[in-house]
Structure formats: structure tokens, C-alpha cells
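Structure assessment
These are the residues of each chain, in order.
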Amino acid sequence: MTYIGRNLRREEVRSLIRSSDWADTVRRRTSEDNGKNWTDWELVYKQAPTQGEFTKEGGESQRGTGPYDPVSGRLIKPVFQRIIKGKPEVAMKVLWEGNRLFCDHGFYQLSDDDGRTWGKAHQFKYENGPDFDPDSWGNPEYYRTNELYIGKTIVLSNGTVIVSSTIPVPYRDKEDEKFPSVFPNDYREGCVAGAVCFVGKWIKARQDYDWTKSKSIFLPRRMSTRGLVELELNELTNGNLLLIMRGSNTKLDPVKHPGRRWFSVSRDGGLTWSEVKDMRYDTGGQCYSPASIAKTIRSSKTGKLYWVGNIPDVPPKGNSPRYPLQIVEIDEEGPSFKKETVTVIDDRDPEKDSEHLQLSNFSLLENRGTQEMEIYLIRLGERGGGPDIWTADAYKYSLIF
């Protein structure tokens, strides 16, 4: 669920999930009046598009949205694209055996009519390599160059646009290479999955952006076996930029190497970033967090910045546990989480929910009419593991401030 553009137009997308990290039967509908009335459901596709042995997830489309840039007078939408060799369900399974059969790339699209139509996709590049060829999805030179996992995009008060991304960052250390390396840390030999930002300036004569790549940041494998992914980027009230990032301790001792959130701060508009540190409470205490999706949002009602995600009481191991789901205010001067503001949105009920429950993979928005926050979430695994994990229901949560 998301707003499209700057007004009250909403888009809802639904799909069927039968295996990890893969969905089909994608449908969408739109509302022009903030969800009071909706169009009929439109089938986007039953099965993802294919070309020979390759399947494409994401990429250029007429769906989705992005922030409005008053300098260009356009919306700018970050675009994720994944090209998969063979059956997607198989590729997502063998990935964790060290066999990566797909490539990820990032693009952006522009809209000058508030998101009703979108222009061509432009690829983000940080090295030499071919552009995406719509007639040759599996081009091996394209497949393994300029790989990135695109993150959040924001428009700054100084008139620039920032797009955060995960890319392979060179790092060799014999002792650190003894630690496990899990996707996306295996993007490229001799690298770990680090973070960069593309800083864009609108060029009126070209009707497009010029992009500058920031200095990269990263963590050793012993601190995050999957590197830095799912980047949440925000401009703080003091003008600095804050990146909050997901890490992972897959295959590591959770007590010695607890799962945490990581952060970095930029004081020059996203070109350079501070040393990566673990996000803690304002009391100085450690804050646990598994490898799960989390989001940030600033309330127009309170003016405060909030983080929504999983903060378990015990050191997490890899992805688990993905409960409870909490919201916490961010101390923007720290930065840190204000411990006294941690509020549980939902948690596992041991009498009703299975131990496989996941309170993750959610949509988050602020209702532009009521200023309530809305969360749309599938309580994955509420009825059990194995095949039962996919029988979960979808829920809407309303947070009133």
C-alpha cells in the first residue's frame, strides 16, 4: 500500500507467495480519494515475464512511486530489477547454498504528471559495463557488472536527490575471510556488501540528473555476514543525513555476535559517511535486531522521526526471532533509539501463534487525511512452519499519535 504522488491517490498491490522471496499473480488497484473508493482489481501478471531461461522481477514499470523533487518538478522513483536464471523458486533456495543464479541492478524513473505515467528507466552505474539490453537479459557482461541493491530515495532541503544502495566494496583480510560470507556479501570475490549513495543534481538543459557516487562504507564479515542491506535514509532536523542498515550474524554465535542495526551519518549531503556503528539506546544499552525488514518515517503530526522493526529481548540468530514488532522514536542528535518510547505494535501469542511467526515485510505510510500511521503486514508463520507458513493472513494496523 502506498501513495502515488503528492495528493490522495493510493495504489494497493497484492500477490501470492508460495516460496521464500518469490511471488506471482500480481494484482493492483487505485483510489483517488484516500481509500474510500477503489478501481476494480487489475491483473499485472499471472507469472513474471520471461525471456528464454531468464525471469525478470521488477524493472521499468508504470507502477510505484517516489519522492517529489521541486527543483525538477518531477517524481523520482527508485527501481529494483532482478534477472534470474532458471526457475525462481529454485534460485531462491540454492542461494543459501552459495549458488547465486541471479543479478540485481538499480534504476530510476521520472514522472512529470504526479505518478500517472513514468518515463524510461535510467541505470545507476559505478563502473564500466553495458546497459541493460531488453533483447538480451542474460548478457554475462551485464549480469556481473554494476550489481546493486537499491535502497531508499529522498529529496534534500538543499535541492539535491539522494539514492542509497548496497554494492560490492573491495575488502581483503585473511582472518576475516575465515568468517562465513552470505549473500549479498558474495556479490564479488574480494568484496563485501557495503553502502553508497548516489547524489543527484538536476540539469535543466538535459532534463535529467547528474550523479556523484559517495565514498563507500562497509562492515567486516565478523560483524555482519551479509554486509549492509535494506538501507533506510533520512534527513535529520540538524541537516545531517542518517543511514540505518540491516546486518546479519548468520552462522555466527548470537551471544558473541548479536544481530543488530547499524548506522552511519553524513554531514556533507551524502558524499562522505562516518564510521559504521551499531544503533543503541539513548541509555547506551545494546539494542538487538534480527535480519528483517525495518522502516523509518517522520510524523507530520509530531515532527518526530520513528523506526519500525523488530527488537527482541534475546540476541537474534540470523533472521529470527522476527517478533515483537515495535515502533521507537529516534534521538536525532545521538543518533540513537529513545528507550522509553519503545512501543509494541504486535507480538507472538504463545497460545495462538506458532514459533515460526514473522512480523516483518510490511508496508508503512502516514494517512494524509488523519495523520495516523498505517501498517500492512502478513503475519507469516502464524499457523506453523513448512507448507503452513504460507497460509497466513494479512492485517492492517493503525497507529494514532
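For the structure itself, consult the block above.
Here's a quick rundown of the structure. (Residues numbered from 1 in each chain as written. Predicted model: local features only at pLDDT ≥ 70, side-chain atom pairs only at ≥ 80, totals over all residues. Heavy atoms only, no water.)

Re the sheet that holds strand S24 (residues 362–366)
- Sheet architecture is open: three strands sit in the order S24-S25-S26, paired in antiparallel fashion. If you trace the sheet from one side to the other, it starts and ends with S24 and strand S26 (394–399), each paired once. With strand direction ignored, the average angle separating the axes of adjacent strands in the sheet is 15°. (Pairing = 2+ DSSP bridges. Helix = DSSP H or I, 4+ residues; strand = E, 2+ residues; numbered from the N terminus. Axes fitted to C-alpha atoms, helices over the stretch in contact; angles between N-to-C directions.)

What to know about the nonpolar core
- Among the nonpolar cores identified, the biggest contains 17 residues, and Ile-162, Leu-243 and Met-245 are the most heavily contacted of them.
- Those elements giving two or more residues to this core turn out to be strand S13 (191–203), strand S15 (229–235) and strand S16 (241–246).
- Apart from the residues lying within four places of it in its own chain, the contact partners of Leu-243 are Ser-164, Cys-197, Ile-217, Leu-231, Glu-232, Leu-233, Trp-262, Phe-263, Ser-264 and Trp-273.
- Within the second largest apolar cluster, 16 residues are counted, among which are Leu-325, Phe-362, Leu-364 and Ile-375. (Core = buried A, V, L, I, M, F, W, Y, C linked by side-chain atoms within 4.5 Å. Buried < 20%, exposed > 50% of the residue type's maximum accessible area, 1.4 Å probe, protein only. Contact = heavy atoms within 4.5 Å.)

What about the environment of Lys-338?
- Topologically, Lys-338 is positioned in the loop between strand S22 (336–337) and strand S23 (343–346).
- Along the chain, Lys-338 and Ser-363 lie 25 residues apart, while their C-alpha atoms are 23 Å from each other.
- At 2.9 Å, the side chain of Lys-338 and the side chain of Glu-329 are in polar contact. (Polar contact = N/O pair within 3.5 Å; in protein donor to acceptor, adjacent residues only side chain to side chain.)

Remarks on the pattern of salt bridges
- A full pass over the atoms with the stated rule returns 34 salt bridges.
- In this structure, Arg-28 engages Glu-42 in a salt bridge whose closest nitrogen and oxygen atoms are separated by 3.2 Å. Of this pair, Arg-28 sits in strand S3 (residues 22–31) while Glu-42 sits in strand S4 (residues 42–45); the two residues are 14 residues apart in sequence, bridging distant segments of the chain.
- Put simply, Asp-346, Asp-353, Arg-379, Glu-382, Arg-383 and Asp-393 are held in one network by salt bridges that share partners. (Salt bridge = Lys/Arg side-chain N within 4 Å of Asp/Glu carboxyl O.)

Some words on the packing of aromatic side chains
- One pass over the full model with this rule turns up 15 aromatic pairs.
- Feature note: the residues Tyr-108, Phe-124, Phe-198, Trp-202, Tyr-209 and Trp-211 constitute an aromatic cluster, connected by ring pairs.
- Between the NZ or CZ atom of Arg-29 and the centre of the ring of Trp-38, over which it lies, the distance is 4.4 Å.
- Positioned over the ring face of Phe-102 is Arg-82, at 4.1 Å from the centre of the ring. (Phe/Tyr/Trp six-rings, centres within 6.5 Å; stacked < 30°, edge-to-face > 60°. Lys NZ or Arg CZ within 6 Å of the ring centre and 35° of its normal.)

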